[in-house]
Amino acid sequence: MLEKTGRTVDYCREDNSLVILDQTLLPNTVRELHLKNADEIVEAIKSLRLRGAPCIGVSAAIALSVLANDSKQTEPEAFKREFLKNCEIITSARPTAVNLFWAAEEMKKAFDSCFEKGVDAVKAELAKRAEEILEDDIARCRSIGRHGAELLKGKHSFLTHCNAGRLACVKYGTALAPVYFLKEQGEEVRVYADETRPLLQGARLTAYELTEAGIDTTVICDNMASYVMKNGLVDAVITGADRIAANGDAANKIGTSSLAVLAKYYKLPFYICAPFSTVDFNCESGESIKIEMRDEAEISEKWYSQRMTPKNVKCLNPAFDVTDASLITAFITERGVFAPSELKNEE
Ligand code: MRU
């Protein structure tokens, strides 16, 4: 199904499932999974079979509709209790990307808007809202691409971190959307992709999707970013974000804030591309963004045939860090380009 639609995630009405690409297998194996129950869906989010802030948000919306359709409850109050429990289960899967919580809130609003009409009407409304959220993500990413391409015209080489491309969204991506747009416009574009330790989203996923799209791509180890900037190999840094606080501090994959510090030193612009659903206006500053801590084994064992660190050594594995608003040149959003101080909670 995904191969036909060119999407990273979809809603299969025929078998009532959330359809994803198993991103843990990329780039070597392309496998589509049809997820039908809460355990499978939560496992897929936790293990990063599906990942990337917008993709997690869209998936959560579809998941909540799939689970509601599957419900055996006929009594409205019991159906509502089950739905709210599912919201809790799905949003507990990962803490940092706000899109997950945003999507659950959107689905709760859809639920409440139809509650008086009965269980079947609510199921239909949830499915409609999930599909809107899916389509909306595609449109938002296209707009990010358009605004980004306008801003970045004349720049040709970009450094990016983690994967904020089509695999992290439904199509196009956030940080990579301007790159795809520039390429479409016939511009010469090059991307340096940080490998992104410890889960290698840059080496495995960004490199996969960009090379598939025919874009000149070079993978570097994370500790080579300074070399690349100092030697004039890139014109700008562009990344995505998992949660942007009201003051413009932005959480993204661990390592992003060091790139921003380096970019400032080397006088390169540092852009964050994200839809407004990633901005958490309830969160005053980056200090209150919860950073996910992940398994130490992702550092010590995951990619090695033998354990790589001594058994008795500790590993620290925060999955995200917060980039200070002062280090961000601008946010490229579906509504246009904004300085960190210009983010406003209005259409
Ligand atoms: O842990 P991941 O792979 O879900 O982290 C993803 C990122 O940090 C992305 O850069 C972010 O979600 C922006 S997505 C378009």
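Refer to the structure above for everything that follows.
In this report, the structure presented in the accompanying data block is examined. (Residues numbered from 1 in each chain as written. Predicted model: local features only at pLDDT ≥ 70, side-chain atom pairs only at ≥ 80, totals over all residues. Heavy atoms only, no water.)

### Description of a nonpolar patch on the surface
Taken together, the side chains of W303, Y304 and M308 make up a nonpolar region of the molecular surface, amounting to roughly 270 Å² of accessible area. With respect to the secondary-structure elements, M308 resides in the loop between α11 (297-300) and β12 (320-323). Judged by its relative accessible area of 38%, M308 is partly exposed. (Patch = residues over 30% accessible without salt bridge, like charges linked within 9 Å, V, L, I, M, F, W, Y side chains within 5 Å. Areas by Shrake-Rupley, 256 points an atom, 1.4 Å probe, with all protein chains shown as cover. Salt bridge = Lys/Arg side-chain N within 4 Å of Asp/Glu carboxyl O. Helix = DSSP H or I, 4+ residues; strand = E, 2+ residues; numbered from the N terminus. Buried < 20%, exposed > 50% of the residue type's maximum accessible area, 1.4 Å probe, protein only.)

### Regarding the site of the ligand
Every one of the 19 residues lining the ligand counts as a neighbour, but R51, R94, Q201, N252 and K253 are closest to it. At 2.7 Å, a side-chain N or O of K253 approaches an oxygen atom of the ligand. Expressed as a share of its isolated accessible area of 410 Å², the protein-covered part of the ligand is 100%. The cavity that encloses the ligand is the largest cavity. Among the residues forming the shell around the ligand, the class breakdown is nine nonpolar, six polar and four charged. Residues from two domains meet in the shell around the ligand; each of domain 1 (2-139) and domain 2 (146-342) gives at least three. (Near = heavy atom within 4 Å. Polar contact = N/O pair within 3.5 Å; in protein donor to acceptor, adjacent residues only side chain to side chain. 1 Å grid on protein atoms, 1.4 Å probe; cavity = no way out; pocket = protein on both sides within 12 Å on 5 of 7 lines; lining within 4 Å. Sits in = over half its atoms within 2 Å of the grid points. Nonpolar A, V, L, I, M, F, W, Y, C, P; charged D, E, K, R; others polar. Domains from an automatic or database assignment.)

### Thoughts on the pattern of salt bridges
Across all of its chains, the model carries 25 salt bridges by this definition. Between R7 and D10 there is a salt bridge whose closest N-O contact spans 3.2 Å. Each of the two residues, R7 as well as D10, counts as buried. Between E212 and R166 there is a salt bridge; the shortest N-O distance is 3.7 Å. Taken together, the residues span a long stretch of sequence, with E212 in helix α8 (residues 201-212) and R166 in the loop between β4 (157-160) and α7 (177-184) at a distance of 46 residues. Since its relative accessible area comes to 54%, E212 is described here as exposed.

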